[in-house]
Amino acid sequence: MQRTFETPRLILRPPTLQDAPATQKLFPHWEIVRFMSAGIPWPYPEDGAHVFFRDVQLPALERGSSFCWAIRLKNGPEYHIGMVSLFQRRSENRAFWLALPWQGQGIMTEACEPVTDFWFNSLMEPALIVSKAVENVGSRRITEKQGGRVIARGERAFLSGRLPFETWELTREDWNARRRG
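Enquirer: Would you take a moment to explain the side chain of arginine 140 for this structure?
Expert: Mapped onto the elements of the fold, arginine 140 is located in helix 5 (residues 137-145). Other than its neighbours up to four places away in sequence, arginine 140 contacts Lys132, Ala133, Val134, Glu166 and Trp168.

Enquirer: Would you take a moment to explain the pattern of salt bridges for this structure?
Expert: When their charged atoms lie close together, side chains carrying opposite charge are able to pair. As enumerated under the stated definition, the model contains 12 salt bridges in all. The salt bridge involving arginine 54 is made with aspartate 55; its shortest N-O contact spans 2.6 Å. Its salt-bridge partner being arginine 162, residue glutamate 155 comes within 3.3 Å of it at the nearest N-O pair. Here the salt bridges do not stand alone but share partners, grouping Glu113, Asp117, Arg178 and Arg179 into one network.

Enquirer: How do you make sense of helix 4 (residues 107-121) when you look at a structure like this?
Expert: The α-helix winds at 3.6 residues per turn, so residues separated by three or four positions along the chain end up facing the same way. Its 15 residues place the ends of helix 4 22 Å apart at the C-alpha level, agreeing with the 21 Å of an ideal helix rising 1.5 Å per residue. Remark: the principal bend of helix 4, roughly 25°, maps to glutamate 113, with a proline, proline 114, within the next four residues. Those residues of helix 4 that sit buried are Ile107, Met108, Glu110, Ala111, Cys112, Glu113, Pro114, Val115, Thr116, Phe118, Trp119 and Phe120.

Enquirer: Even after reading the chapter, I still don't get the pairing of strand 3 (residues 66-73), so can you show me in this structure?
Expert: Taken residue by residue, a regular strand's side chains alternate between the two faces of the sheet. Among the eight residues that make up strand 3, eight are buried, leaving the element largely enclosed by the rest of the structure. Of the two faces of strand 3, the one lined by Ser66, Cys68, Ala70 and Arg72 and the one lined by Phe67, Trp69, Ile71 and Leu73 are each fully buried. In this sheet, strand 3 lies alongside strand 2 (residues 10-13) in antiparallel orientation, the contact comprising four bridges. Within strand 3, the residue paired with leucine 10 across the bridge is leucine 73.

Enquirer: Before we go on, may I ask you to explain unusual backbone geometry in this structure?
Expert: Most peptide bonds take the trans configuration, and most residues that are not glycine carry a negative phi. Note that the residue after tryptophan 42, namely proline 43, is joined by a cis bond; omega there is 0°. Within the secondary structure layout, proline 43 lies in the loop between helix 2 (30-33) and helix 3 (48-63). Located in the positive-phi region is methionine 124, a residue other than glycine, with phi close to 60°.

Conventions used here
- Residues numbered from 1 in each chain as written.
- Predicted model: local features only at pLDDT ≥ 70, side-chain atom pairs only at ≥ 80, totals over all residues.
- Heavy atoms only, no water.
- Helix = DSSP H or I, 4+ residues; strand = E, 2+ residues; numbered from the N terminus.
- Contact = heavy atoms within 4.5 Å.
- Salt bridge = Lys/Arg side-chain N within 4 Å of Asp/Glu carboxyl O.
- Expected span 1.5 Å × (residues − 1).
- Bend = angle between axes of the 7 residues up to and from the residue.
- Buried < 20%, exposed > 50% of the residue type's maximum accessible area, 1.4 Å probe, protein only.
- Pairing = 2+ DSSP bridges.

Pasting the structure below:
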């Protein structure tokens, strides 16, 4: 069921263990991880990406309990520059990260379009739930652009400490109405 997607600038394909070295180089930067779950090891171990891919991400893909895409630029480096994942959980359905040199260019917004459409129109999920630190403005903007709305607020632990967060919901009905409109 895991597919490869193409957008005007991107190729999104399922990750492999060969993607771990690029992740190890690009992911563990404070500006990327500070609003992520406090459960991520920090400082990031030297073999953190390899262990994560081998023991967590790839087995979850094989079981079908999550879906994940390595983001590659069509006219860019030979390695991926970020990831976007979907999870069939009650409280959190999507997560992503993008390497610093490519932030602020609309790349993650572009990557999230086919992934969100897959969530609603291939997996037939009724709602997409995501939580974000209020300070994580870039991530919040992506969900706003897709038509999400805040349904809850609270405080929780992130790598950077306890911070206010918002839970956002996007429904299949709203997503498809936006796509038709």
